[in-house]
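If you want the building blocks of each chain, they are given just below.
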Amino acid sequence: MHILVINGPNINMLGIREPEIYGKTGYADLCGMIEEYARKKEIEIEIFQSNHEGAIVDRIQQAYGNTDGIIINPAAYTHTSIAILDALKAVGIPAVEVHISDISAREEFRKISYAGMACEAHFAGFGLKGYLKAIDHLTGKG
């Protein structure tokens with residue numbers, strides 16, 4: 001099984017950006033945690049991060065035909081990007097949305113998730129462990 005993990009803008013700043021919301025763990029540590037978990041589950045994982053909406057759309061499209069599942073944390077694009085929603089719908093790959101914080105308990109504008117409309121499951125507010133829950137969901141190996 002091949003899973004693509006996509007992280008949107010500012011996720012690369014984990015550990016620096018608003019640690020009271022996102023924690024003090026850095027992005028490299030998040031990637032290491034995901035890779036180690038995938039290794040234990042005996043699945044292939046690829047992690048991609050971009051601060052650019054078009055690059056995220058391009059990567060979703062490139063996943064067509066060679067990826068079994070997508071885990072996506074669109075970050076700020078969650079609330080604005082119909083392009084990411086359309087890309088997820090276009091490829092038809094099972095997708096799971098992850099957010100480190102509980103977006104439903106934050107500002108009003110964060111309560112709308114366009115990308116989430118194309119996802120079969122959502123894990124928000126579990127911190128970095130939400131990514132592991134998403135892997136378990138996609139693999140059925142919880």
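Structure's up top.
Reading the values: rules and limits
Residues numbered from 1 in each chain as written. Predicted model: local features only at pLDDT ≥ 70, side-chain atom pairs only at ≥ 80, totals over all residues. Heavy atoms only, no water. Helix = DSSP H or I, 4+ residues; strand = E, 2+ residues; numbered from the N terminus. Rg over C-alpha atoms; globule rule 2.2 N^0.38 Å. Buried < 20%, exposed > 50% of the residue type's maximum accessible area, 1.4 Å probe, protein only. Contact = heavy atoms within 4.5 Å. Lys, Arg positive; Asp, Glu negative; His and termini not counted. Charge placed at Lys NZ, Arg CZ, Asp CG, Glu CD. Pairing = 2+ DSSP bridges. Axes fitted to C-alpha atoms, helices over the stretch in contact; angles between N-to-C directions.

So, the overall build of the chain
Turning to step 1, where the next piece is worked out: Looking only at helices and strands, the chain features 5 helices and 5 strands.
Turning to step 2, where the next piece is worked out: Sequence-ordered secondary structure for the chain, helices as α and strands as β, is β-α-α-β-α-β-α-β-β-α.
Turning to step 3, where the next piece is worked out: On C-alpha atoms alone, the chain measures out to a radius of gyration of 14 Å, which is about the 14 Å that the 2.2 N^0.38 rule sets for 142 residues.
Turning to step 4, where the next piece is worked out: Each of the three principal axes of the chain carries a C-alpha extent, and together these read 35 × 30 × 25 Å.
Turning to step 5, where the next piece is worked out: Burial statistics for the chain: of 142 residues in total, 49% are counted as buried.
Turning to step 6, where the next piece is worked out: A sequence separation of at least 24 residues applies to 75% of the contacts in the chain between residues at least 6 apart.
Turning to step 7, where the next piece is worked out: The chain carries 13 positive and 18 negative side-chain charges, and their two centres are separated by 5 Å.

Quick word on the pairing of strand S1 (residues 2-7)
One face of the sheet, then the other: side chains in a regular strand alternate in exactly this way.
Turning to step 1, where the next piece is worked out: The buried fraction of S1 amounts to 6 of the 6 residues, a majority that puts the element mostly inside the structure.
Turning to step 2, where the next piece is worked out: Alignment of S1 against strand S2 (residues 44-49), held across 6 bridges, turns out to be parallel. Residue Ile3 lies in a different strand from S2, and its bridge partner there is Ile45.
Turning to step 3, where the next piece is worked out: As paired elements, S1 and strand S3 (residues 69-73) share 5 bridges and run parallel to each other. Note that in S3 the partner of Asn7 across the bridge is Asn73.

A closer look at the pairing of strand S5 (residues 121-124)
Turning to step 1, where the next piece is worked out: Side chains Ala121 and Phe123 project from S5 onto a buried face, and the interleaved His122 and Ala124 project onto a face without burial.
Turning to step 2, where the next piece is worked out: Looking at chain direction, strand S4 (residues 95-99) and S5 are connected through 4 bridges and run parallel. Each bridged residue has a counterpart across the sheet, and for His99 the counterpart in S5 is Ala124.

Brief notes about the sheet that holds S3
By definition, the strands of a sheet pair up through backbone hydrogen bonds, in either a parallel or an antiparallel sense.
Turning to step 1, where the next piece is worked out: Taken together, 5 strands build an open sheet; the order of strands is S2-S1-S3-S4-S5 and the sheet is parallel. The open sheet has two edge strands, S2 and S5, and neither has a second partner. Taken over all neighbouring pairs, the strand axes of this sheet differ in orientation by 20° on average, direction set aside.
Turning to step 2, where the next piece is worked out: Each of S1, S2 and S3 touches helix H3 (residues 53-62); the most contacted strand, S2, lies at about 160° to it.

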